[in-house]
Amino acid sequence: MTVGDATNGGLTRRDESRAGERLRVAIVGGGFMAEVHTRAARAARAELAGIVSSTAEKSAAAADRLGVARAYGSLDELLADDSIDVVHVTTPNALHAKQAGAVLAAGKHVICEKPLATTTADAEELVRAAEGRVATVPFIYRFHPMVREARHRFASGEAGRVLSINASYLQDWLLGSGDDNWRVDSAQGGRSRAFADIGSHLVDLVEFVSGDRVSRVSATKKTVFAERASHSAITTEDAVAVVVETVGGALGTLLVSQVAPGRKNKLWLEIAGTAESVAFDQEQPETLWVGRRAGSLLIPRDGDQLSADAARLCVVPSGHPQGYQDAFNAFIADSYAAVAGESPDGLPRFTDGLRAVRITDAVLDSAEAGTWIELGTER
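Given the structure is predicted, the values throughout are model-derived calculations rather than measurements. (Residues numbered from 1 in each chain as written. Predicted model: local features only at pLDDT ≥ 70, side-chain atom pairs only at ≥ 80, totals over all residues. Heavy atoms only, no water.)

A. Here's a closer look at the pattern of salt bridges. Scanning the model with the defined rule gives 30 salt bridges in all. As a salt-bridge pair, Glu-158 and Arg-153 come within 3.2 Å of each other at their nearest N and O atoms. The partly exposed category is assigned to Glu-158, whose relative accessible area is 39%. The closest approach of N and O atoms between Asp-365 and Arg-191, which form a salt bridge, is 2.6 Å. Note that Asp-365 is positioned in helix H12 (residues 350–369) and Arg-191 in the loop between helix H8 (186–189) and helix H9 (194–210), a separation of 174 residues in sequence. Residue classification places Asp-365 among the partly exposed residues on the basis of a relative accessible area of 32%. Through salt bridges with shared partners, a single network forms among Arg-148, Arg-151, Asp-309, Arg-312, Asp-334 and Asp-345. (Salt bridge = Lys/Arg side-chain N within 4 Å of Asp/Glu carboxyl O. Buried < 20%, exposed > 50% of the residue type's maximum accessible area, 1.4 Å probe, protein only. Helix = DSSP H or I, 4+ residues; strand = E, 2+ residues; numbered from the N terminus.)

B. Representation of the environment of Ala-229 within the structure. Turning to its location among the elements, Ala-229 is positioned in the loop between strand S9 (214–222) and strand S10 (239–246). Owing to a relative accessible area of 57%, Ala-229 belongs among the exposed residues under this scheme. Taking the C-alpha atoms as reference points, Ala-229 and Leu-205, separated by 24 residues in sequence, lie 33 Å from one another. Look past the residues within four positions of Ala-229 in its chain and what remains in contact with it is Ser-177, Gly-178 and Asp-180. (Contact = heavy atoms within 4.5 Å.)

C. The arrangement of the domain arrangement of the chain in detail. Domain parsing of the chain yields domain 1 (24–136) and domain 2 (141–318 + 347–374). The C-alpha-based centres of domain 1 and domain 2 are spaced at 26 Å. With 22 residues of domain 1 at the contact, the number on the domain 2 side is 19 residues. Across the domain 1 to domain 2 interface the summed buried area is about 1,600 Å²; carbon plus sulfur atoms make up 67%. At the boundary of domain 1 with domain 2, the tally comes to two salt bridges. Of the charged contacts, one joins Glu-124 and Arg-358 as a salt bridge, the two residues approaching to 3.0 Å between their closest N and O atoms. Where domain 1 meets domain 2, there are seven residue pairs in polar contact (both at pLDDT 80 or more). Breaking the side of domain 1 that touches domain 2 down by element, the ones donating at least two residues are helix H5 (96–105), strand S6 (109–112), helix H6 (120–129) and strand S7 (135–136). The biggest single contributor to the side of domain 1 that touches domain 2 is H6, with five residues. Grouping the constituent residues of the side of domain 1 that touches domain 2 by class yields 15 nonpolar, five polar and two charged. (Domains from an automatic or database assignment. Buried area = accessible area lost by both parts, 1.4 Å probe. Polar contact = N/O pair within 3.5 Å; in protein donor to acceptor, adjacent residues only side chain to side chain. Nonpolar A, V, L, I, M, F, W, Y, C, P; charged D, E, K, R; others polar.)

D. Looking closely at the sheet that holds S7. Spatially, five strands are ordered S4-S3-S5-S6-S7 in an open sheet, and the strand pairing comes out parallel. The sheet terminates laterally at strand S4 (47–52) and S7, the two strands that pair on one side only. Direction of pairing for strand S3 (residues 24–28) relative to strand S5 (residues 86–89): parallel, over a ladder of four bridges. Paired with Val-28 across the bridge in S5 is Val-89. Relative to S3, helix H2 (residues 32–43) is tilted by about 170°, and along the sheet it contacts S3, S4, S5 and S6. (Pairing = 2+ DSSP bridges. Axes fitted to C-alpha atoms, helices over the stretch in contact; angles between N-to-C directions.)

E. Spotlight on H2. Here H2 is twelve residues long and its end C-alpha atoms lie 17 Å apart, about the 16 Å a rise of 1.5 Å per residue gives. The elements touched by buried residues of H2 are S3, S4, helix H3 (56–66), S5, S6 and helix H11 (324–339). Within two residues after H2, Arg-45 carries a phi angle of roughly 65°, on the positive side. (Expected span 1.5 Å × (residues − 1).)

F. A look at the packing of H6 against H12. Where H6 contacts H12, the axes come no closer than 9 Å and their chain directions differ by 170°. With respect to each other, H6 and H12 are oriented roughly antiparallel. Contacts from Thr-120, Ala-123, Glu-124, Leu-126 and Val-127 of H6 reach H12 at Phe-350, Thr-351, Leu-354, Val-357, Arg-358 and Asp-361. By residue class, the composition of the contact of H6 with H12 is six nonpolar, two polar and three charged. (Parallel < 35°, antiparallel > 145°, perpendicular 65-115°, else oblique.)

G. Seen up close, unusual backbone geometry. Cis peptide bonds are those with omega within 30 degrees of zero, and the linkage from Lys-114 to Pro-115 qualifies with -5°. For Arg-45, which is not a glycine, the phi torsion comes out positive at approximately 65°. Counting through the fold element by element, Arg-45 comes out in the loop between H2 and S4.

H. Looking closely at the pairing of S4. Within S4, five of the six residues are buried, which leaves the element mostly enclosed by the surrounding structure. Relative to S4, S3 is paired through five bridges, and the arrangement is parallel. Note on S4: the bridge partner recorded for Ala-26 is Gly-50. Between the parallel elements S3 and S4, the chain passes through H2 in a crossover that is right-handed. (Right-handed = clockwise from strand over helix to strand, strands pointing away.)

I. Summary view of the UniProt feature "domain: Gfo/Idh/MocA-like oxidoreductase N-terminal" (unreviewed entry) in the chain. Listed under "domain: Gfo/Idh/MocA-like oxidoreductase N-terminal" (unreviewed entry) in the UniProt record, and renumbered for this structure, are residues 23–133. Between the first and last C-alpha atoms of residues 23–133 the distance is 15 Å; the span itself is 43% helix and 17% strand. (UniProt positions renumbered as here; feature names shortened; annotations may be inferred.)

Structure, rendered in structure tokens:
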């Protein structure tokens, strides 16, 4: 069954024939993100049917470590298995486009890590190839209940029209010159590192919560270490600062850094509307700050106090913290629901992955040219 076969609401005849059965999923890659994906797949009651890594030996080791039923010798072998419904791509950035494209060509649904691709052209081709398939990207911070509550306040008009945006995503895992990772190498990670890796999450969240889109950017970037433990002549950025303007006329600032001491995963977002400011801190995800000229609020993650969309993501009672893995689990569950023919609200598709790649390119182009780069005014 290929991508072009007859579909019904996104489902092929093969999908319909297996309705009610557990999804059989396979993982491409064997690192940290593969571990996160396997935990989420189990939580969604899928069958972890197979895994493939860079070599047959590494595939076998990953299958044993992660408790996956079968180790494939190659991606081609995995894709030839007609029993696999969904493939999760969790490999280095430069491999995403080719591997996700191969999954789609094999007629399977795909969940591909971000960035979706390292070039806009490749991301555009993936969007075209994904027609008739479920193809999603893990912008999982959308799945924190308090993010959905923030989004609701703007979508309902309660917060008013968006005036300004102040957001940052800070980490310190590459703080020293001795800290190294494949992501610093443009051949593996792509032209952008910090912005493509974590800035893409930040911009996606800004647009998702505000309901407004970035129309132009002016950026500057810095590579703090041109040499690290195992890499030299590094060109990918350690930090980026961006001024943005939105289609609706709001102004904003974004700061992204992987060299910020003490910040482990500090994704912070504050959007000011004409009636309220709303602030979310990913390291403190159990509350949402709502600022008013009089009577500011700190709203807890309590389903009885939240909008319906936020409440549905509350999987444990208030007072029992939820975090990153819970958000990831919710994203995977919604992706699988889409495979079953549902249309979950806020599910990030390949079109959202393409949007992030285009903004990343605009940010890098602006930093290198020293000018504003226009993204257009389409909402």
